[in-house]
Structures are given as structure tokens and as C-alpha cells.
Amino acid sequence: MLTVKGVEVSLDGAPILRGIDLTVAAGEWVTVIGPNGAGKSTLLKAIGGTLPYTGAVLINGIRSEDLPRRKRAQLVATVAQQPVVPGGMRVFDYVLLGRTPYIPLLGRESAEDAATAERVLSQLALSRFASRALETLSGGERQRVFLARALAQQAPLLLLDEPTSALDIGHQQEVLELVDELRQTHALTVLATMHDLSIAGEYANRLVLLADGATVISGKPEIVLTEELLHRHYRAHVRVIRGDFGPVIVPIRKP
Ligand code: ADP
Ligand code: MG
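The structure presented is a predicted model; accordingly, all values stated were derived computationally and were not measured.

Colleague: Where do I start with the side chain of glutamate 141 in this structure?
Modeller: Note on placement: glutamate 141 falls in helix H5 (residues 139-152). At a separation of 2.8 Å, a polar atom in the side chain of glutamate 141 contacts the main-chain amide nitrogen of serine 138. Once residues within four sequence positions are removed from consideration, glutamate 141 is found in contact with Leu126, Phe129 and Arg132.

Colleague: What should I look at first to understand the packing of aromatic side chains in this one?
Modeller: How two aromatic rings sit relative to each other is given by the distance of their centres and the angle of their planes. The final tally for this structure, using the stated rule, is two aromatic pairs. Here the aromatic rings of tryptophan 29 and tyrosine 203 are separated by 5.8 Å at their centres, their planes lie at 35°, and the arrangement is tilted. A residue pair is termed long-range when its members are at least 10 positions apart, and tryptophan 29 in strand S3 (residues 29-33) and tyrosine 203 in helix H7 (residues 197-203) qualify at 174 residues. Ring centres of tyrosine 94 and phenylalanine 146 lie 5.9 Å apart, and the angle between their planes is 70°; on these two criteria the pair is classed as edge-to-face.

Colleague: Help me out: how do you make sense of the pattern of salt bridges in this one?
Modeller: A side chain with one charge may pair with a side chain of the opposite charge, provided their charged atoms come close. For the structure shown, the criterion picks out nine salt bridges. The closest approach of N and O atoms between aspartate 212 and arginine 18, which form a salt bridge, is 3.6 Å. Remark: arginine 18 occurs in strand S2 (residues 14-24) and aspartate 212 occurs in the loop between strand S9 (206-211) and strand S10 (214-219); sequence separation between them is 194 residues. Residue classification places aspartate 212 among the exposed positions, given a relative accessible area of 55%. The class for arginine 18 is partly exposed, based on a relative accessible area of 42%. Across the salt bridge formed by glutamate 65 and arginine 63, the nearest N and O atoms sit 3.2 Å from each other.

Colleague: Could you clarify how one ought to interpret the coordination of the magnesium ion (ligand 2) in this entry?
Modeller: Geometrically, a metal with four donors at the corners of a regular tetrahedron has ideal angles of 109.5 degrees, and one with six donors at the corners of a regular octahedron has ideal angles of 90 or 180 degrees. Taken together, the protein ligands of the magnesium ion (ligand 2) are Ser41 (OG) and Gln81 (OE1), with distances of 2.1 to 2.2 Å. Of this pair, serine 41 sits in helix H1 (residues 40-48) while glutamine 81 sits in the loop between strand S6 (76-79) and helix H3 (91-96), and the two are 40 residues apart along the sequence. Using a relative accessible area of 17% as the deciding quantity, one classes serine 41 as buried. Glutamine 81 sits in the partly exposed class, given a relative accessible area of 37%.

Colleague: Would you mind going over unusual backbone geometry with me for this structure?
Modeller: Trans is the common state for peptide bonds, and a negative phi is the common state for residues other than glycine. Of note, glutamine 154 is a non-glycine position whose phi angle comes to about 50°, a positive value. Mapping glutamine 154 onto the fold places it in the loop between H5 and strand S7 (157-161). A relative accessible area of 40% places glutamine 154 in the partly exposed class. Not every positive phi belongs to a glycine, and aspartate 212 is a case in point at roughly 50°.

Colleague: What is the right way to read the sheet that holds strand S1 (residues 2-11) from this model?
Modeller: Strands pair in a sheet through their backbones, by hydrogen bonds, and they do so in one of two ways: parallel or antiparallel. Spatially, the four strands line up as an open sheet ordered S2-S1-S4-S5, and their pairing is antiparallel. Two strands lie at the open edges of the sheet, namely S2 and strand S5 (62-63), each paired on one side alone. Across two bridges, strand S4 (residues 54-59) lies against S5 in antiparallel orientation. From the neighbouring strand, leucine 58 faces S5, where its bridge partner is arginine 63.

What counts and what doesn't
- Residues numbered from 1 in each chain as written.
- Chains lettered and ligands numbered in written order.
- Predicted model: local features only at pLDDT ≥ 70, side-chain atom pairs only at ≥ 80, totals over all residues.
- Heavy atoms only, no water.
- Helix = DSSP H or I, 4+ residues; strand = E, 2+ residues; numbered from the N terminus.
- Polar contact = N/O pair within 3.5 Å; in protein donor to acceptor, adjacent residues only side chain to side chain.
- Contact = heavy atoms within 4.5 Å.
- Phe/Tyr/Trp six-rings, centres within 6.5 Å; stacked < 30°, edge-to-face > 60°.
- Salt bridge = Lys/Arg side-chain N within 4 Å of Asp/Glu carboxyl O.
- Buried < 20%, exposed > 50% of the residue type's maximum accessible area, 1.4 Å probe, protein only.
- Donors = N, O, S within 2.8 Å, 3.2 Å for Na, K, Ca; no water.
- Pairing = 2+ DSSP bridges.

Below is the structure:
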């Protein structure tokens, strides 16, 4: 579904990504972890086509920049870490924006587009906010609306940049379970970034640890989430508890 080859990004003359290689198979969930400033958001922006890069990003084997905008939007949906919130827009209309790649030029959204927006709002328990102005929602409510817009886009590849950072533990679980359910029923492919390492390991088939713009290690959560690697790259003192539900990361006080 997604192949990233030797992707490099420089911003203001400083190298931010130094040759990233990554493949995500159809139906797979890969989560990129790494300390603040590692380049996780930059990588998702490059893949999503909102940041210039060198190297190659292939979506279904086609170079991303060769895909017409509309076609690319039908294939890739993104939830940015800090989406721009348009002023005065109703939640429903914002989610409907996700249908833009399917609306004919000079055309209007169809009843089916509206039904899709309604369904996604309901799946994320957001129906009661449909008529509210987006900027009046709480941070967590708004974050679920951002995801709703991306899901309404019905693209097979989802790029999620810290999609649950503002959510309480219950909503976090609901949202991630929904994405995983859609992954299984609709063969969605997910590339996410996440700070909660236990949760990251619980949902991803594979983790990629990024540090200083380069991949340190990529593989099953069990091999990436080790006390040694987390200490080296996050300067964190943690215990990794291994249970039947996968590694759990517990921060401990410095000795
Ligand atoms: P992460 O998402 O892993 O926390 P980012 O991808 O947002 O990290 O940022 C990676 C690095 O790039 C950071 O050090 C950040 O300060 C830097 N950076 C981001 N945008 C710019 C920019 N426009 N100009 C210069 N540096 C930038
Ligand atoms: Mg980020």
C-alpha cells in the first residue's frame, strides 16, 4: 500500500529526516514512535504530500506526486497533529469536507455524502455536536471531529498524527477500537504516530522507532519497546512489563 524510499526533508537548511525507508502493507497498522522533535510529524506530512521532500513515496506503487490531487485524496486521508480549524464552521459541514474528493467539479454533495458524514459522526458518538460551531468544542471533542472528517473520506490509507493525544482513556480506547475495526472490515491501512507507548504497542502490528530523523529499529512491539532502547532514545527510566496483552511501559522514579 505504502512504500517510502530514502525520504529526506530539510527545513530552514537543517536536515530533519535523513533517509527514511518504510513499507506498510495493505491492512497493516504501523505506528511511529520517538521523542519530541524526532521527525514523526514531518514524516507523515511528507507522505501526505504537504511538505516537499527528496526520495520516493509510492502509494499502491504510484509515485505520490504523480497522482492527481483528487485521486490522492481518495487514497490517503490524514489527521494532522494540529489541524487548521476554520472559523464559524459547523461540525457537520466540517466532516462533510471529507467528501470533497468525491464531489464533481461545480457539483454539490449528494445525499450519500451527507449520509456518510452522519454515519461517521454517529460512530464517533458526535451526532449531538453536528450543529455546533467546531471552535466551541472541547479539545478532545474536536480531535474526534478531525478523525471523523478523515474517516468520511473513506480512503484506504489513514495517516494519523497523535490522533488520541487530547482524549481521555475511554475515548482513546473507543477511537482506536473503531479504527481497528474499520481496518479489519474495510481493509484500512494505518500509519500513526503516538506518544503512549503501551497503547502504541497494543494496536500496531509493527512499531518504528524514529530518533533524530532516522529509523533506529522497526519491528514487533516486543522488540522495539525495551528498557534499553527507551532509555537511550527518550532518556526515560522505565520498566517494561510483559503480559499476555503485550508490553506495558511504566515510568519509574529516578533511583
Ligand atoms: P515530532 O513530530 O517527532 O515531534 P516534528 O516532525 O514535528 O517532530 O519536527 C522535527 C524537527 O523539525 C523538530 O526539531 C522541529 O523543531 C523541526 N522543524 C519543524 N518544522 C520546522 C520548520 N519549519 N523550520 C525548521 N525546523 C522545523
Ligand atoms: Mg509531532
